[in-house]
Amino acid sequence: MNARKIIVEILDNVFYNAAYSNIELTKRLNRDNVNDKDKGLITEIVYGTVRYKDKIDFIIKNFIKDVKLVEPRILNILRATVYQIMFLDRVPSYAAVNEAVQLAKEVSFNSSKFVNGVLRNILRNQDKDFYKGLEPRKAMAVNYSFPNWMVDLFINQYGMDVAKKIMHNLNNTPNVTVRVNELKGDYDEVFTSLEENGYDIAEGVICPEAIQINKGSNVENNSLFKDGYITVQDESAMLIAPNMDIEEGMKVLDLCSAPGGKTTHISELLNNTGTVIACDIYDHKINLIKENCDRLGITNVEYKIQDATQENKEFIKFADRVLIDVPCSGLGIIRKKPEIKWTKKKEDLHSLTKIQREIMVNSWEYLKDEGIMFYSTCTLNKHENEDNINWFISQHKDAIIEKMYFGKADNIVYNENGTVTILPTEAMDGFFLAKIKKVSR
Ligand SMILES: C[S@@+](CC[C@H](N)C(=O)[O-])C[C@H]1O[C@@H](n2cnc3c(N)ncnc32)[C@H](O)[C@@H]1O
C-alpha cells in the first residue's frame, strides 16, 4: 500500500480513535509488508505530525477560514504534508503536495482542489512569521507544540530555562536502547553479535547493561531479541532494578508490572532465585509479562491480576522488596508517545495522585521490616513525584528515604528530599525514582 495512505490512516486512528502511535505503527508496518526505506519515512512523518500537531494546525489556520469544517481525513492529509514541507528536508515539497492531492482525490474531486489550493498557498508563504504578535507563553506553546497547561506546568515547576530544555528534548526522536539479559548471554558477546547483524550501536550512557541502537532494522524482529538475549528498555527505566538492593532468594512484589520490563530485570538480578510476584490490573497485560518472561528464560515469576489500590491481606509483611511503578501522567515519555500531549488532560492529574497514594499506602503494608519500597513514575509532574513522597513520609514514621547516586550528569537531578528526577535527553526518558526503607522505630 502507498506509504502516504498508511500515514494518514495511522493519523486518523491516533487523532480520532485514541490509538497509540507506537502500537499503530508496529501493527501497520508489519501487516502491510512495507519496505525498510518506507518504514523509516512513515515512522518519521507519523511521529513528527503527532508531535507538532498544534504547531501545524496553527499554520494551517492561517490559510483556512474554519478548520473545524474541514473533513477529518482531509485535515490529516494537510497535517502530514505541512509536516513534510516545514520539517523534513528529505522530501521535496512539490512531491509531498502532489501525493497529498492524489490522496485527497480518493475522498472527492472537490477535496483534492481544496488540498491543492491550501498547500500551494502554504508553500508560497513558508517563510512568513506565523507567531508575530503572540503573547510569549502562547508563542512558546505553539512553537514547541505543547498544550498551554503543560507549558505552564513545566515553567511553574522547573523555571523557564529548564522548561524550555524539557520541551525541546521531549520533541526529540527517540532512540532504541536494549538491556542485555545476563541469564542468557554476556554483554560483550551480545554487543559483537549485534554488530555482526549490521546494527550501528554504542554503549549506554549510564547503565552498564545498556546498548544503544543508533541505526538498523527493528531489533524486535532479530533473533537476539526473539531468543531472549535482549529486552528493549529505556535507560532511565533500567536504573530501577539495580538500585533495589536485590539479593538472591528474596521475595519481590511488583504491583504495576505490565509489560514486565522491570519485573524481568529484577528476575535477572535474582538469577532466577526467590520469587517475583508480578501483578497488574489488566488481564490481557498479564499475558505480555508472561510472554516476556518465557522469551527471556525467566522461571521465578508468579502472576496475579490485582488492583493495587485495593488491599490484599495475603501480602501483608510478605515482601523484602516492593516495586510500585505507578500509573502516571507520562509527561516524561512524550518522545516515545507524543500523543500524550493531546490526550492527557490537566483534570486527570488529581485523580492520578490519589491512586498513586493509595498504592503507596497498601504496598507499605506488604513490606517486611527493613524492606525497601521503590516508587517510580515516567512523569515530570512534581505533584506525582516529590510531593507524593513528602506526603507519604509525613504519614509514616517508619519510612526513610534512601539516597541514590548515578554519577554527575546534566539531566540527573538529586532532589532535596533524597529522590531523583531524570530529565529527558536525546538518550533518556524523563523519570522519577524514590527508594524508601522501612525501619523499626
Ligand atoms: C508504568 S506502567 C508499568 C510498566 C512496568 N513496570 C514495566 O516496567 O514494564 C503502569 C502499569 O500499571 C498498571 N495499572 C494501572 N492501574 C493499576 C492499578 N490500580 N493496579 C495495578 N496496576 C495498575 C497498568 O496496566 C500498567 O501496566
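Scope of this entry: the structure provided in the associated data block. These numbers come from a predicted model, not from an experiment.

### Some thoughts on the overall build of the protein
If you tally the helices and strands in the protein, you get 18 helices and 13 strands. The C-alpha radius of gyration of the protein comes to 23 Å, within 12% of the 22 Å expected for a compact globule of 441 residues. Principal axes of the C-alpha set define a box for the protein whose edges measure 75 × 50 × 40 Å. Each of the 441 residues in the protein was classed as buried or not, and the buried ones make up 55%. Sequence separation of at least 24 residues holds for 71% of the intrachain contacts in the protein that already meet a minimum separation of 6.

### Examining the site of the ligand
In the neighbourhood of the ligand, 18 residues make up the surrounding shell, with Lys262, Asp280, Asp307, Ala308 and Asp325 lying closest. Contacts to the ligand include Cys256, whose backbone N or O atom sits 3.0 Å from a nitrogen atom. Interatomic distance of 3.1 Å between a side-chain N/O atom of Lys285 and an oxygen atom of the ligand. Look at the ligand: alone it shows 600 Å² of surface, and the protein chains cover 85% of it. Each residue belonging to the shell around the ligand can be placed in one class, and the counts come to eight nonpolar, five polar and five charged.

### Regarding the pairing of strand 5 (residues 251–254)
One ladder, built from four bridges, connects strand 5 with strand 6 (residues 275–280); its direction is parallel. Paired with Leu253 across the two strands is Ile277, which belongs to strand 6. In this view, the connection linking strand 5 to its parallel neighbour strand 6 by way of helix 14 (residues 261–269) has right-handed handedness. With three bridges connecting them, strand 5 and strand 8 (residues 319–325) associate as parallel partners. Directly across from Leu253, in strand 8, lies its bridge partner Val322.

### Quick look at the pattern of salt bridges
Note that side chains of opposite charge can pair when their charged atoms are close. Tallied over the full model, the rule gives 22 salt bridges. Lys53 is paired through a salt bridge with Asp54; the nearest N and O atoms lie 3.3 Å apart. The exposure class of Asp54 is partly exposed, given its relative accessible area of 28%. Residues joined by salt bridges that share partners form a network here, namely Asp234, Arg335, Lys336 and Asp429.

### Here's the deal with unusual backbone geometry
Geometrically, the link from Ala258 to Pro259 is a cis peptide bond, its omega value of 5° lying close to zero. Note on placement: Pro259 falls in the loop between strand 5 and helix 14. Of note, Lys317 is a non-glycine position whose phi angle comes to about 55°, a positive value. Structurally, Lys317 can be placed in the loop between strand 7 (301–305) and strand 8.

### Thoughts on the sheet that holds strand 4 (residues 230–232)
Pairing between the strands of a sheet is mediated by backbone hydrogen bonds and can be parallel or antiparallel. Strand order in the open sheet formed by four strands is 2-3-1-4, with antiparallel pairing between adjacent strands. Two strands bound the open sheet, and with one partner strand each, they are strand 2 (200–203) and strand 4. Averaged over neighbouring strand pairs, the angle between their axes works out to 35° when direction is ignored.

### Remarks on a negative patch on the surface
A cluster of acidic side chains, namely Glu182, Asp186, Asp188, Glu189 and Glu203, defines a negative patch on the protein surface. Within the fold, Glu182 resides in the loop between strand 1 (176–180) and helix 11 (187–196). Glu182 sits in the exposed class, given a relative accessible area of 52%.

### Points about the pairing of strand 7
Of the pairings in the sheet, the one linking strand 6 to strand 7 comprises five bridges and is parallel in character. Residue pairing for strand 7: Val276 is matched across the bridge by Val301.

### So, the nonpolar core
If you look at the biggest cluster of nonpolar residues, it comprises 57 residues, and the most contacted ones within it are Phe146, Phe154, Met244, Val252, Ile266, Ile422 and Leu433. For this core, the elements supplying multiple residues, two or more each, are helix 8 (136–144), helix 9 (148–158), helix 10 (160–170), helix 13 (235–238), strand 6, helix 15 (283–296), strand 12 (420–422) and strand 13 (431–438). Contact partners of Phe146, with chain neighbours within four places excluded, come to Ala141, Val151, Phe154, Met167, Leu170, Asn171, Ile334, Lys341 and Trp342.

### Quick word on the side chain of Lys53
As for its placement among the helices and strands, Lys53 is situated in helix 4 (residues 53–61). Residue class for Lys53 comes out buried when judged on its relative accessible area of 14%. Within the structure, Lys53 has its side chain in polar contact with the side chain of Asp54 (distance 3.3 Å). With residues near it in sequence (within four places) discarded, Lys53 still touches Phe15, Arg79, Ser145 and Trp342.

Reading the values: rules and limits
Residues numbered from 1 in each chain as written. Predicted model: local features only at pLDDT ≥ 70, side-chain atom pairs only at ≥ 80, totals over all residues. Heavy atoms only, no water. Helix = DSSP H or I, 4+ residues; strand = E, 2+ residues; numbered from the N terminus. Rg over C-alpha atoms; globule rule 2.2 N^0.38 Å. Buried < 20%, exposed > 50% of the residue type's maximum accessible area, 1.4 Å probe, protein only. Contact = heavy atoms within 4.5 Å. Near = heavy atom within 4 Å. Polar contact = N/O pair within 3.5 Å; in protein donor to acceptor, adjacent residues only side chain to side chain. Areas by Shrake-Rupley, 256 points an atom, 1.4 Å probe, with all protein chains shown as cover. Nonpolar A, V, L, I, M, F, W, Y, C, P; charged D, E, K, R; others polar. Pairing = 2+ DSSP bridges. Right-handed = clockwise from strand over helix to strand, strands pointing away. Salt bridge = Lys/Arg side-chain N within 4 Å of Asp/Glu carboxyl O. Axes fitted to C-alpha atoms, helices over the stretch in contact; angles between N-to-C directions. Patch = residues over 30% accessible without salt bridge, like charges linked within 9 Å, V, L, I, M, F, W, Y side chains within 5 Å. Lys, Arg positive; Asp, Glu negative; His and termini not counted. Charge placed at Lys NZ, Arg CZ, Asp CG, Glu CD. Core = buried A, V, L, I, M, F, W, Y, C linked by side-chain atoms within 4.5 Å.

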